[in-house]
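# An overview of the molecular structure
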Amino acid sequence: MTTDRTPDDRRPDHHDRRPDHRFHDERRPGDPRRITVDPESVRHSLAGLVLTIVELLRQLMERQALRRVDQGDLSDEQIEELGLTLMALEKNMAELREHFGLTQDDLNIDLGPLGPLLPRD
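Notes on the structure follow. All chains use their own residue numbering, which begins from 1 and follows the written sequence. In keeping with the predicted nature of the model, local features appear solely for residues at pLDDT of at least 70, side-chain atom pairs appear and are counted solely at 80 or more, and the whole-chain, interface and lining totals rest on all residues. Hydrogens and water are ignored here; the side-chain numbers use all heavy atoms of the structure.

### Brief notes about the overall build of the protein chain
Where helices and strands are cited, they refer to DSSP runs of H or I of at least four residues and of E of at least two residues respectively, numbered from the N terminus. When helices and strands are tallied, the protein chain shows 2 helices and 0 strands. Pairs of residues are marked as contacts when any of their non-hydrogen atoms sit within 4.5 Å. Across the protein chain, every contact between residues at least 6 apart in sequence was considered, and the portion connecting residues at least 24 apart equals 56%. Surface summary for the protein chain: the accessible area is close to 10,500 Å², and the carbon and sulfur share equals 55%. The method behind every accessible area is Shrake-Rupley, applied with a 1.4 Å probe, and residues are considered shielded solely by the protein chains displayed.

Quick look at the structure:
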């Protein structure tokens, strides 16, 4: 007894898969597991993440600059230039936060038991 199989009822093998089979989503639009992504939300979150990294680096640079000033190995001109540069960077960060509708607290990621990423001044 043989059963005739049509292409629709045979089991797919590795030759029948589409090249993008790993990324194919079988879920339907009403499926509660389906993730809907709002482009504006993604843009806002990405901006927040990038600004968080920039703010962390800015604070680290500021601390390093203060250490160098305390060690006395910078001239008065270097100290003045460093101060102006750090103030300009802080101002630019404030403008970027405002542009993306973020606050300083929005950039401070909570690391759970480790506490916040950025120190609170």
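The structure having been displayed, the exposition proceeds.
### Thoughts on the nonpolar core
Put simply, buried Ala, Val, Leu, Ile, Met, Phe, Trp, Tyr and Cys residues joined by side-chain atoms within 4.5 Å make one nonpolar core. The cut-offs for exposure are 20% and 50% of the maximum accessible area for each residue type, with area from a 1.4 Å probe on protein chains only; residues under the lower value are buried, those over the upper are exposed, and the others partly exposed. In terms of nonpolar packing, the biggest core is built from 5 residues, these being L51, M93, L102, L107 and L118. Setting aside residues up to four positions removed in sequence, L102 forms contacts with H44, A47, G48, L51, R97 and L107.

### Looking at the packing of helix α1 (residues 39-71) against helix α2 (residues 76-99)
Inter-axis angles, ranging from 0 to 180 degrees, are taken between N-to-C directions of lines fitted to C-alpha atoms, where helices are fitted over the stretch in contact. Viewed as axis vectors pointing N to C, α1 and α2 meet at an angle of 165 degrees, and their least axial separation amounts to 11 Å. Taken together, the axis directions place α1 and α2 in an arrangement best described as roughly antiparallel. Helix-helix and strand crossings are classified by hand; for α1 and α2 the assignment is left-handed. Taking contact as the criterion, the partners of R43, L51, V54, E55, R58, M61, E62, A65 and V69 in α1 are, on α2, I79, L82, L86, L89, E90, M93, L96, R97 and H99. For this scheme, ten residues count as nonpolar: Ala, Val, Leu, Ile, Met, Phe, Trp, Tyr, Cys and Pro. Four count as charged, namely Asp, Glu, Lys and Arg, and the remainder, Gly too, count as polar. Tallied by class, the residues present in the contact of α1 with α2 amount to 11 nonpolar, 1 polar and 6 charged. Orientation categories follow fixed angle ranges, with anything under 35 degrees roughly parallel, anything over 145 roughly antiparallel, 65 to 115 roughly perpendicular, and all other angles oblique. Crossing handedness is defined as follows: a turn of the near helix away from the far one that is anticlockwise and smaller than a right angle gives a left-handed crossing, while the clockwise case is right-handed.

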